[in-house]
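Each chain, letter by letter, is given below.
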Amino acid sequence: MAAKVVVKLGGGLITDKSSLKSPRTDIIDSICNEISHLVSLGNSVIIVHGAGSYGHLLAKKWSLSHGLRKDISEQQREAVKIVRSDMRELSSLVSKSLRDRGIETVTFPPSDWAKNTGDSFEGDVSIFDSFPSNVVPITFGDVVHVDGGAEFGILSGDDLMARISIEIPSVTHCVFLLGDAEGMMDKPPHLEGSKLIELWKSGEIVETEHNSEQDVTGGIELKAERASLISKKVEEVWFINGNCPERLSELLTDGTTIGTKIVS
Ligand code: IPE
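A quick note: this is a predicted structure, and the numbers were derived from the prediction, not measured. (Residues numbered from 1 in each chain as written. Predicted model: local features only at pLDDT ≥ 70, side-chain atom pairs only at ≥ 80, totals over all residues. Heavy atoms only, no water.)

On to the packing of helix α6 (residues 157-167) against helix α7 (residues 219-231), then. Two elements in contact, α6 and α7, have axes whose closest approach is 9 Å; the angle formed by their N-to-C orientations is 5°. Considered as vectors, α6 and α7 are oriented roughly parallel to each other. Judged by residue contacts, Asp-158, Asp-159, Met-161, Ala-162, Ser-165 and Ile-166 of α6 engage Gly-219, Leu-222, Lys-223, Arg-226, Leu-229 and Ile-230 from α7. Here the residues of the contact of α6 with α7 are counted per class, giving 6 nonpolar, 2 polar and 4 charged. (Axes fitted to C-alpha atoms, helices over the stretch in contact; angles between N-to-C directions. Helix = DSSP H or I, 4+ residues; strand = E, 2+ residues; numbered from the N terminus. Parallel < 35°, antiparallel > 145°, perpendicular 65-115°, else oblique. Contact = heavy atoms within 4.5 Å. Nonpolar A, V, L, I, M, F, W, Y, C, P; charged D, E, K, R; others polar.)

For the rest of this paragraph, the subject is the packing of aromatic side chains. How two aromatic rings sit relative to each other is set out by the distance from centre to centre and by the angle between their planes. For the structure shown, the criterion picks out 5 aromatic pairs. Here Phe-108 and Phe-128 contribute two aromatic rings whose centre-to-centre distance is 5.3 Å and whose plane-to-plane angle is 75°, an arrangement assigned as edge-to-face. You can see Phe-108 sitting in the loop between β3 (104-107) and α5 (110-113) and its partner Phe-128 sitting in the loop between α5 and β4 (135-140), a full 20 residues away along the chain. Of the two residues examined, Phe-108 and Phe-128, each falls in the buried class. With a centroid separation of 6.0 Å and an interplanar angle of 50°, the aromatic rings of Phe-108 and Phe-131 are classed as tilted. Within this pair, whereas Phe-108 is found in the loop between β3 and α5, its partner Phe-131 is found in the loop between α5 and β4, the two being separated by 23 residues in sequence. Using a relative accessible area of 16% as the deciding quantity, one classes Phe-108 as buried. Site record: aromatic cluster; members linked through ring pairs are Phe-108, Trp-113, Phe-121, Phe-128 and Phe-131. (Phe/Tyr/Trp six-rings, centres within 6.5 Å; stacked < 30°, edge-to-face > 60°. Buried < 20%, exposed > 50% of the residue type's maximum accessible area, 1.4 Å probe, protein only.)

What follows is about the site of the ligand. Around the ligand there are 16 residues in total, and Gly-11, Gly-52, Ser-156, Gly-157 and Thr-217 lie nearest to it. Separating an oxygen atom of the ligand from a backbone N or O atom of Ala-51 is a distance of 3.0 Å. Within the side chain of His-56, one N or O atom sits 3.0 Å away from an oxygen atom of the ligand. Burial of the ligand by the protein amounts to 98% of the accessible area it has alone, namely 400 Å². For the shell around the ligand, the class distribution of residues is 4 nonpolar, 10 polar and 2 charged. (Near = heavy atom within 4 Å. Polar contact = N/O pair within 3.5 Å; in protein donor to acceptor, adjacent residues only side chain to side chain. Areas by Shrake-Rupley, 256 points an atom, 1.4 Å probe, with all protein chains shown as cover.)

With that settled, the discussion passes to the nonpolar core. Val-7, Ile-47, Leu-64, Val-175 and Leu-177 are the most contacted members of the largest nonpolar core, which totals 41 residues. If we ignore the near neighbours within four places in the chain, the residues touching Leu-177 are Val-7, Lys-8, Leu-9, Gly-10, Leu-13, Ile-31, Ile-240, Gly-242 and Leu-248. The next biggest cluster of nonpolar side chains, apart from the first, holds 31 residues, and it includes Ala-114, Phe-121, Val-171 and Val-237. (Core = buried A, V, L, I, M, F, W, Y, C linked by side-chain atoms within 4.5 Å.)

Non-glycine residue Ser-63 carries a positive phi angle of around 50°. Structurally, Ser-63 can be placed in the loop between α3 (56-61) and α4 (73-100). Overall, Ser-63 belongs to the buried group, its relative accessible area being 17%. Backbone geometry places Glu-151, a non-glycine residue, at a positive phi of 70°. Looking at the element boundaries, Glu-151 is found in strand β6 (residues 151-155).

Time to look at the side chain of Ser-97. Locating Ser-97 in the fold gives a position in helix α4. Since its relative accessible area comes to 3%, Ser-97 is described here as buried. Setting aside its immediate chain neighbours within four residues, Ser-97 contacts Ile-28, Asp-29 and Cys-32.

Given below as structure tokens:
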């Protein structure tokens, strides 16, 4: 049976997070190769991607996730424009890579169709369910309009993952591709002896480390929270190493792969 997969390309996977606007084009290409393979087999794929160094650095510098600040409002409004345009640029690298592989794409920048932040943001995610399986819809974490005095805020790709996976009834798989680990680890992945958790139940404690120096959204904690919400509705929710994208096919054909399966 054909699968419907919602996949998140983490910003730390598709960009070098520490240096402004540095895409990892080889990684983007290898993931798009795998996605085009899945699509050629008749599966549907919806892509959500993160920001990495196309969003977090400027968003952090100008406190965009906290909304408008009177003392720096002009610089913030300028930064909002730049981040929105940078995110479209990053997204165009993903869609170009897919198009180079013969896959049609359609991109929905959240600043055009969504407002407010968190997983109860306003926006109709059914748009992602209105295409035949040979067309791949793409969206991404973005700076969106926020009601009230805040004026703007950051809508994370993880919140988009939650709403799309939960509200589109035919979704069979929801996969978070990570940049720095095989899945959810029992300790921060760079620490010696950290081990892969193969099955993670919501509520189980893991030792995490969140790089708030660079990240304006919630890192692995937000992902885990959203993933456990999704697992109440979608059977196959996984964290997989995005440097090994062939694990996506493996998951679809064998029902399992190296990674963490999230259960509710
Ligand atoms: C963040 O989106 C969006 C911006 C900072 C503009 P995500 O939360 O989905 O991004 P990553 O995956 O952490 O980079």
